[in-house]
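What the coordinates show
One letter stands for each residue in the lines below.
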Amino acid sequence: MDARSEQPGSPVLGHEEIRSVLTGVMLAMFLSALDQTIVATALPTIGVQFRDLESLSWVVTAYLLTGTAVTPLIGKLADIHGPRPVLMGSIGLFLVGSVLCAVAPNMLWLILARAVQGLGGGGLIALAQIIIGIMVAPRERGRYQGYFATVFITSSIAGPVLGGFFAEHLHWSLIFWINVPLGLVAAAMSFRALTKLPAHHHPHRLDVVGALLMCAATIAMMLALSWGGVRFAWGSAPILGLLGASVVLWVGFGLRLVSTTEPLLPLAVLSNRVVRTGVVSAAFAMGTLVGLSIELPLYLEGVLGLSASQSGLALIPLMAGVVVGATGSGKLMGRLTHYKRIPLVGLTMGIASLAVLALMPAGLPVAVLGGVLALTGIGLGTVLPLATVSVQNAVPMPQLGIVTGVINFFRSLGSAVITAGFGAIVIGMSGLQGHEILERMLDGQATTGPLADAFRWVFIAAAGALVLSLAGMIAMEERPLRSSTPPPLSE
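Rules used in this analysis
Residues numbered from 1 in each chain as written. Predicted model: local features only at pLDDT ≥ 70, side-chain atom pairs only at ≥ 80, totals over all residues. Heavy atoms only, no water. Helix = DSSP H or I, 4+ residues; strand = E, 2+ residues; numbered from the N terminus. Buried < 20%, exposed > 50% of the residue type's maximum accessible area, 1.4 Å probe, protein only. Contact = heavy atoms within 4.5 Å. Areas by Shrake-Rupley, 256 points an atom, 1.4 Å probe, with all protein chains shown as cover. Salt bridge = Lys/Arg side-chain N within 4 Å of Asp/Glu carboxyl O. Core = buried A, V, L, I, M, F, W, Y, C linked by side-chain atoms within 4.5 Å. Patch = residues over 30% accessible without salt bridge, like charges linked within 9 Å, V, L, I, M, F, W, Y side chains within 5 Å. Phe/Tyr/Trp six-rings, centres within 6.5 Å; stacked < 30°, edge-to-face > 60°. Expected span 1.5 Å × (residues − 1). Bend = angle between axes of the 7 residues up to and from the residue. Polar contact = N/O pair within 3.5 Å; in protein donor to acceptor, adjacent residues only side chain to side chain. Axes fitted to C-alpha atoms, helices over the stretch in contact; angles between N-to-C directions. Parallel < 35°, antiparallel > 145°, perpendicular 65-115°, else oblique. Nonpolar A, V, L, I, M, F, W, Y, C, P; charged D, E, K, R; others polar. pLDDT = per-residue confidence, 0-100.

Some details on the overall build of the protein chain
Of regular secondary structure, the protein chain possesses 20 helices and zero strands. Across the 491 residues in the protein chain, those meeting the buried criterion constitute 60%. Sequence separation of 24 or more characterises 85% of the internal contacts of the protein chain that already satisfy a separation of 6 or more. When the accessible surface of the protein chain is totalled, it reaches about 17,800 Å², and 69% of it is carbon and sulfur.

Regarding the pattern of salt bridges
Using the criterion set out here, one finds two salt bridges in the structure. Measuring nitrogen to oxygen at the nearest pair gives 3.4 Å for the salt bridge that ties R479 to E477. Put simply, R273, E477 and R479 are held in one network by salt bridges that share partners.

A look at the nonpolar core
In terms of nonpolar packing, the biggest core is built from 123 residues, with I46, L110, F455 and F459 touching the most fellow members. In this view, F459 contacts L292, L296, Y299, L354, L357, A358 and P361; residues no more than four positions away in its chain are not counted. Formed by 16 residues, the second largest nonpolar core is a distinct cluster that contains Y63, I74, A78 and A186.

Considerations on a nonpolar patch on the surface
A contiguous nonpolar surface patch, about 480 Å² in accessible area, is contributed by V96, V99, L100, V103, W109 and W177. In terms of residue count, the dominant contributor to the nonpolar patch is helix α4 (residues 83-102) (three residues). Tracing the backbone shows L100 in helix α4.

Re the packing of aromatic side chains
The relation between two aromatic rings is expressed through the spacing of the ring centres and the mutual angle of the planes. Following the criterion strictly, the structure yields four aromatic pairs and no others. Where Y299 meets F455, the ring centres are 5.1 Å apart and the plane angle is 55°; that geometry is what we call tilted. Separated by 156 residues along the polypeptide, Y299 in helix α13 (residues 273-302) and F455 in helix α20 (residues 448-475) bring together distant segments of the chain. Residue class for F455 comes out buried when judged on its relative accessible area of 0%. Relative to F459, the ring of F455 lies with its centre 6.1 Å away and its plane at 40°, an arrangement referred to as tilted. Residue F455 and its partner F459 are located together in helix α20, separated by four residues, close to a single helical turn. Clustering of aromatic rings is evident, with ring pairs tying together Y299, F455 and F459.

A look at α13
In this model, α13 (30 residues) spans 43 Å end to end at C-alpha, consistent with the 44 Å of a helix rising 1.5 Å per residue. Considering bend angle alone, the principal kink of α13 is centred on E295 and spans about 35°; proline P297 follows within four residues of it. Burial within α13 is extensive, with 26 of its 30 residues counted as buried. Two or three places before V274, at the start of α13, stands the capping residue N272, its side-chain oxygen 2.9 Å from that residue's backbone nitrogen.

Quick notes on the packing of helix α16 (residues 366-381) against helix α17 (residues 383-393)
For the pair α16 and α17, interaxial distance at closest approach is 5 Å and the crossing angle is 5°. One element, α16, and the other, α17, form an angle in the roughly parallel class. Here G379, L380 and G381 of α16 come into contact with α17, specifically with V383, L384 and P385. Per-class residue counts for the contact of α16 with α17 are four nonpolar, two polar and no charged.

Some details on α4
Given a rise of 1.5 Å per residue, 20 residues ought to cover 28 Å, and the 28 Å separating the end C-alpha atoms of α4 matches this to within 8%. Three or more residues of α4 are buried, namely P83, V86, L87, S90, I91, F94, L95, G97, S98, C101 and A102.

Quick word on the environment of G118
Summarising the element assignment, G118 is placed in helix α5 (residues 107-121). A residue is classified by how much of its surface remains accessible, and G118, at 0% relative accessible area, is buried. Between the C-alpha atom of G118 and that of L64, which follows or precedes it by 54 residues, the distance is 6.4 Å. Apart from residues no more than four positions distant in its own chain, G118 is found in contact with Y63, T66, G67 and V70.

Observations regarding the environment of L112
Locating L112 in the fold gives a position in helix α5. It is 8.7 Å that separates the C-alpha atoms of L112 and Y63, two residues lying 49 residues apart in sequence.

Let's talk about the side chain of S246
Following the sequence through the fold, S246 ends up in helix α11 (residues 237-259). Residue contacts for S246: discarding those within four places in its chain leaves A217, A220 and M221.

Considering the environment of L242
Considering the arrangement of structural elements, one finds L242 in helix α11. Each C-alpha atom, one on L242 and one on I219, is 9.1 Å from the other, the two residues being 23 residues apart in sequence.

Overview of the confidence of the model for the protein chain
Mean pLDDT for the protein chain: 76, with 80% of residues reaching 70 or above. At the level of individual helices and strands, the protein chain shows its lowest average pLDDT in helix α19 (residues 434-442), which scores 55, and its highest in helix α15 (residues 341-359), which scores 90. Taken together, the stretch residues 1-12 has pLDDT below 50 and engages in 20 contacts with residues farther than four places along the chain or on a different chain. Contacts of residues 485-491 to residues separated by more than four positions or lying in other chains number 24 contacts, the stretch itself having pLDDT below 50.

Below, the structure is given as structure tokens:
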């Protein structure tokens, strides 16, 4: 028997017990999944009300930044204390942030409140993945993809529609108020269900300094991307200063990784061949998905002239496609020896679909656009569960929370950087200032010419990001999926 031989692990739960735990966890997961889709279609309306389109991407990136910083810490906290108390704390922070968002009187308040919300929401999906990793062996996880598909199908369809409806007919603040009753029910059900979870406690140290360095480095980079070519020239002192500060902080973060006893991102985990290539693929795929979901409402409303409600409906094919791709790859990977072929085909299809959008950014009928977005979503969806299961499959049980935090860290970091990059392209390449786009949207005018040209480059950039995701997936080692417990620590 080789070094990967099976070992005794956590007590085995039956299918009914696993399903009982999943029901509670799925509600908590639904909070984060819904938040990612319901906000997107309301963003143009929020920008119009606060008359600030330049800062609009920060409504998303503030959430992503704090969620990125907290995700590795969440993984370690779950390994130290078990997932139940960490999940309760995350839900609580998420609800506090939601209330602060709902009562925001201006854009700055909303951005800061979204940062608070991200502290809680950033760990919800990671915690759900950790809990599944504790209960179910990698080869068997496809069996439970239907449960997660239910969460994402519901959020993918309900989110854009509700966001557009609230923004157009009621008030955008309802996209945050709706989290309160959902969160309270999720907390009650999760707390009770997780008492059945097998014990999962492993000693770790928290690297708060590393998290602060990473967050500061990312904020400096985000500010440079958001302000460059808009508030300041790209070669101006403020932009060069921000970029320089970001480089220095990233170097400090790198030195922290090699000097501290237990860094935020453990080198032993990052040196794993599956982990380092899998997270690259997942980061570019998730970043592209989040960036598109944030910028597409502006494209649909500003270029195609759709209303907020129509924009929400038009986003459904992309989101539903992600669910179809994720569900299909999750179920098939446990049955196929060469499971990596699924995302290789999916990413190639996504790149081709984005190339079509780049060629005709203003010339596609809405029905054809829906089909192209669906294919893009399917391609993106094939990567996400397969990358997560692959990296979890490659590490021992005491590192399960850490590696799940690592992959979600890079997914969030990729989302923050790519979203800011797409926003910079829209403002910089359109030749229009944010207030000009807002004025045209307030008057019901489509900004077809300049904005369509800008979105051509957004779609080109998105296709380029998927090429990098494809390269990471090609480089990822395809290890056999284990049928029970993780490999030994000595791997």
